[in-house]
Amino acid sequence: MARVYPQTSTSSSFSSTNSYMTMRKETFTLWMKSLVYHGNGCTVFDSKGHIIYRIDNYNRKCSKEVYLMDLQGKVLFSIRQKKLQVFGHWNGYKWSNDNLIEIPWFQVKRNGYFLWGDYLNYDVTLLGFDEAETNCYKIVGLQGKSEFKIVSRENKLIAEVKQKQSSCGVQFGDDVLSLVVEPNVDHSLVMALVTVYGLIQQRL
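Residues numbered from 1 in each chain as written. Predicted model: local features only at pLDDT ≥ 70, side-chain atom pairs only at ≥ 80, totals over all residues. Heavy atoms only, no water.

**Here we look at the pairing of strand 9 (residues 137–142)**
So, point 1. For strand 9, the buried fraction is high: 5 of the 6 residues fall into the buried class.
So, point 2. Where strand 8 (residues 119–126) lies against strand 9, 6 bridges are found, and the strand directions are antiparallel. Within strand 9, the position partnered with Asn 121 by the bridge is Val 140.
So, point 3. For strand 9 and strand 10 (residues 148–152), the ladder comprises 5 bridges, and the chain directions are antiparallel. Its bridge partner lying in strand 10, Val 140 is registered against Lys 149.
So, point 4. Between strand 9 and strand 10, which follow one another and run antiparallel, lie 5 residues, and Gly 144 among them has a positive phi close to 80°. (Buried < 20%, exposed > 50% of the residue type's maximum accessible area, 1.4 Å probe, protein only. Helix = DSSP H or I, 4+ residues; strand = E, 2+ residues; numbered from the N terminus. Pairing = 2+ DSSP bridges.)

**A short note on the side chain of Thr 195**
So, point 1. Secondary-structure assignment places Thr 195 in helix 1 (residues 187–200).
So, point 2. A distance of 2.7 Å separates a polar side-chain atom of Thr 195 from the backbone oxygen of Met 191.
So, point 3. Ignoring any residue separated from it by four or fewer positions in sequence, one finds Thr 195 in contact with Ile 55, Val 66, Leu 68, Ile 79 and Leu 204. (Polar contact = N/O pair within 3.5 Å; in protein donor to acceptor, adjacent residues only side chain to side chain. Contact = heavy atoms within 4.5 Å.)

**As for a nonpolar patch on the surface**
So, point 1. A cluster of nonpolar side chains, contributed by Trp 31, Leu 35 and Leu 71, occupies part of the molecular surface with about 250 Å² of accessible area.
So, point 2. Within the secondary structure, Leu 71 is located in the loop between strand 4 (65–70) and strand 5 (75–82). (Patch = residues over 30% accessible without salt bridge, like charges linked within 9 Å, V, L, I, M, F, W, Y side chains within 5 Å. Areas by Shrake-Rupley, 256 points an atom, 1.4 Å probe, with all protein chains shown as cover. Salt bridge = Lys/Arg side-chain N within 4 Å of Asp/Glu carboxyl O.)

**Some remarks on the environment of Glu 65**
So, point 1. Among the secondary structure elements, Glu 65 is positioned in strand 4.
So, point 2. Classification of Glu 65 as partly exposed rests on a relative accessible area of 32%.
So, point 3. Through-space distance from the C-alpha of Glu 65 to that of Lys 82 is 9.7 Å; in sequence the pair is 17 residues apart.
So, point 4. Excluding residues within four positions of it along the chain, Glu 65 makes contact with Ile 79 and Arg 80.
So, point 5. Here Tyr 67 takes part through its side chain, which lies 2.6 Å from a polar atom of the side chain of Glu 65.
So, point 6. Among the polar contacts listed, one links the side chain of Glu 65 to the side chain of Arg 80, at a separation of 3.0 Å.

**A few points about unusual backbone geometry**
So, point 1. Phi is positive for Asn 155, close to 65°, though the residue is something other than glycine.
So, point 2. Looking at the secondary structure, you find Asn 155 in the loop between strand 10 and strand 11 (157–163).
So, point 3. Of note, the phi angle at Asn 184 is positive, near 60°, even though the residue is not glycine.
So, point 4. Within the secondary structure, Asn 184 is located in the loop between strand 12 (176–181) and helix 1.

**Things to note about the pattern of salt bridges**
So, point 1. Per the stated rule, a full pass over the model turns up 6 salt bridges.
So, point 2. Glu 182 is the salt-bridge partner of Lys 25, the closest N and O atoms lying 3.7 Å from each other. Of this pair, Lys 25 sits in the segment before strand 1 (26–31) while Glu 182 is found in the loop between strand 12 and helix 1, placing the two residues 157 residues apart along the sequence.
So, point 3. Residues Glu 65 and Arg 80 are paired through a salt bridge, measuring 3.0 Å at the closest nitrogen-oxygen approach. With a gap of 15 residues between them, Glu 65 in strand 4 and Arg 80 in strand 5 connect regions that are remote in the sequence.
So, point 4. Residues joined by salt bridges that share partners form a network here, namely Glu 65, Arg 80 and Glu 102.

Here's what the structure looks like:
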């Protein structure tokens, strides 16, 4: 049976659960299933097959509030949908390790210039940063498709999600995806944005 995670590692090992950034390109495998039996969510493997992140929605799908956790269950981000008259937006909160408080960290909102058709374009605003750092990411994809990219405002690739293939070119099922993150990028933030996109596409 083929393994759903990459067979070879092209990256440094995660020496601790606090290592969310590396100097090399990293490849992850997204299994759009929860570790909880009959539960909804997502499980993320690194290139060596170790579980790094997980989301457990239990018996709820398309929830308006989800939690991105590490393997031990420590919450890294909480993500909530803010419903407005038209599209609304998603707010991401980073959890403090010390006192377990939520810190507003990012907001994802659909770009008003791309409201029609199959093309999806979402602006990511980082909160609490210098003005020069805000609106620095975009999420671009196609309606109904699993593949999408996270790019900078200069259209530099930050991370990309594709349908996963085995080493011999055989595609896995629709619930197994490959995530490639560029060097020196916060993996947990990327996973939080991947989570938002999964919620938008009603995959979680």
